[in-house]
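Examining the three-dimensional arrangement
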Amino acid sequence: MFLRPRRLARLILVSLLSSALAVEPVMAQDRGISLVRDAEIEHTLRVFATPIFRAAGLVPDAVTLVLVNDDELNAFVAGGQNMFINTGLIMAADTPEQLIGVMAHETGHMAGGHQVRSRDAIENAVILSTLATLLSVAAAIGGTRRGDGGGAAMGGIAGAQELGARSFFAFSRAQEASADEAGLSYLEANGYSSKGMLEFMEKLHKQDSGLPQTKQVEFLMTHPLTKNRIEYIENFVDHISKFTNARMPSAYYDMHQRMRAKLYGFIHPDLALRKYPESDTSVAARYARSIAYYQVGDINKGLKIVDGLIEQEPKNPYFYELKGQILFENGRAKEAVDPYRNAVKYAPDSAQLRMALGHALLEAGDDKLVHEAIDVLRSSARDEPLVELTWLLLASAYARADMAPQLAYARAEEALARGDIRAARYHADRAEQMLPAGSPDWVRAQDIRVLVESRLPHNMRPQLAPSSGLASPDTPLISIGRMPEDTLSPGGAAVGPGFPGIADLPRTTTIGVGPSGLGTLGPAGGLGGQQGGPGGR
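Here goes a summary of the coordinates provided. Just so we're clear, the structure is a prediction, and the values are computed from it rather than from any experiment. (Residues numbered from 1 in each chain as written. Predicted model: local features only at pLDDT ≥ 70, side-chain atom pairs only at ≥ 80, totals over all residues. Heavy atoms only, no water.)

Side note on the pattern of salt bridges
The cut-off we apply is this: In the sections that follow, a salt bridge refers to a side-chain nitrogen of Lys or Arg positioned within 4 Å of a carboxyl oxygen of Asp or Glu. Comment: elements are numbered from the N terminus, with helices defined as DSSP H or I runs of at least four residues and strands as E runs of at least two. For every residue, the accessible area obtained with a 1.4 Å probe (protein chains only) is divided by the maximum for its type, and the residue is called buried under 20%, exposed over 50%, and partly exposed between those limits.
One pass over the full model with this rule turns up 27 salt bridges. Among the ionic pairs, Glu40 bridges to Lys262, the shortest N-O distance being 3.0 Å. With Glu40 in helix H1 (residues 39–55) and Lys262 in helix H11 (residues 250–267), the pair connects residues that are 222 residues apart, well separated along the chain. Judged by its relative accessible area of 4%, Lys262 is buried. Put simply, Asp180 and Arg229 hold a salt bridge, and the shortest N to O gap is 2.6 Å. In this pair, Asp180 sits in helix H7 (residues 173–189) while Arg229 sits in helix H10 (residues 227–240), placing the two residues 49 residues apart along the sequence. Across the pair, Arg229 and Asp180 agree in class, each one buried. One network of salt bridges, with partners in common, ties together Glu388, Arg411, Glu414, Arg418 and Asp420.

Written out as structure tokens, the structure reads:
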């Protein structure tokens, strides 16, 4: 789903990386990194990349693909098996071969361990931030609106610190040549044409020529492109490859066009309406227009087009998702339930779609739907356990269902996902006292408590009263409502790797912004219900 910070209920952090990597402050960019989630685009990227990962000897499910909200042409790997792809690069790739060629090159860096050697080269630099905190990705339900903050750009979740990408991710020419060679071999192993890689490198080089350094293409700043590299790829395409004229599976072209159309519709709706005129009746063009019209405020026109798309492809989950999103964001949550149900029906493996359905069920205003919401949200949390919003929604549902033990457990998971380990410890202990011993949630609450206590220094570990199971009077209690911001020392240095401190996290916004936003969670506008406390954060 696409989102903008003003319309976001909470900034949801999912830690992708556990190692703290140094970044030189003198090269830090003057903007943060912004990351977004979208079920369809992530699915398309995963389909494109999986054969490449397998050819490289990587386990596809062990590689994290991250969509970066940035018009710059760039892609990079970091922190092990994490590949970051800018929306600008995807939109600039004219064919799936071009995009897959870039992904094959980046896979060459991953398989070659180049980012590890880059880390070794700068480990003595001054630490500006930890990459584990910076490169956290959010999953939430929301959308964008023209005029929101002075533009129509797709929203995202700003990183906690700035990223010195040009120094940190700058690979050596030898590493670039090695990644090219490896990437070409992965394409060849799958019977894919290497023309796409050559075409995109030439596109980047042509676009970059003659520009001042401050305006140069980001990909070429972090991946030096030499004449020898282009000549090597060209020679491979012309004289070595057996698959120069091969075509990708036919479905790839359709998926690629729809992905680009979707990005144009969300990021640049005015441009999308020009790029995809009414005379273009292709599915991709209509998809772009439906999104663009809803982005610029013509809701009825957007809904009419998406209804036509659903009629043409009645089993396409992403058309139902779009309809649900349009309705939900315009205060029509009850009407959004059925489209989201159909989205989940036709894409049952998508945790994001299940979370969206659960949110719509909670916002529909019918208490009879709360238990259905609990079921789908628990299922979503099982598959993506570090998405904070899912646990926040579950907490709301448990509060409305008067399920206090489960509410405490959900709050423990939510705090853990947020990186607030003292809050996680408190709620896990509370859940452990109330849940049936041996139940799955009780076991997990116990695991959370043990996990976070192992991350705390000895003098911060809880002193529990023997009879009550509650923290002693000397231990600050953390309420079920708003969490204090000083529960950790700045930077969280004492907490251990993988658990960002409060100072590392973006500021949060408030739940309950009315029908034009994410709505309220529970009757009280916060977590609702008797156990919900004095409101949301």
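Topic: the side chain of Asp180
Applied cut-off: Residue contacts are counted whenever heavy atoms from the two residues lie within 4.5 Å of one another.
Note on Asp180: relative accessible area 1%, which makes it buried. The contacts of Asp180, once residues within four sequence positions are left out, are His105, Met197, Met201, Arg229 and Ile233.

A closer look at the nonpolar core
The test is simple: To define a nonpolar core, start from buried Ala, Val, Leu, Ile, Met, Phe, Trp, Tyr and Cys residues and group those joined through side-chain atoms within 4.5 Å.
Counting residues in each nonpolar core, the largest one holds 69 residues, and the members touching the most others are Leu322, Leu394 and Ile448. The leading source of residues in this core is helix H19 (residues 388–400), at nine residues. Within the second largest apolar cluster, 56 residues are counted, among which are Leu58, Leu89, Leu184 and Ala285.

Let's talk about the environment of Ile90
Position of Ile90 among the secondary structure elements: in helix H2 (residues 87–92). Taking the relative accessible area as the measure of exposure, Ile90 reaches 0% and is therefore buried. Each C-alpha atom, one on Ile90 and one on His256, is 8.8 Å from the other, the two residues being 166 residues apart in sequence.

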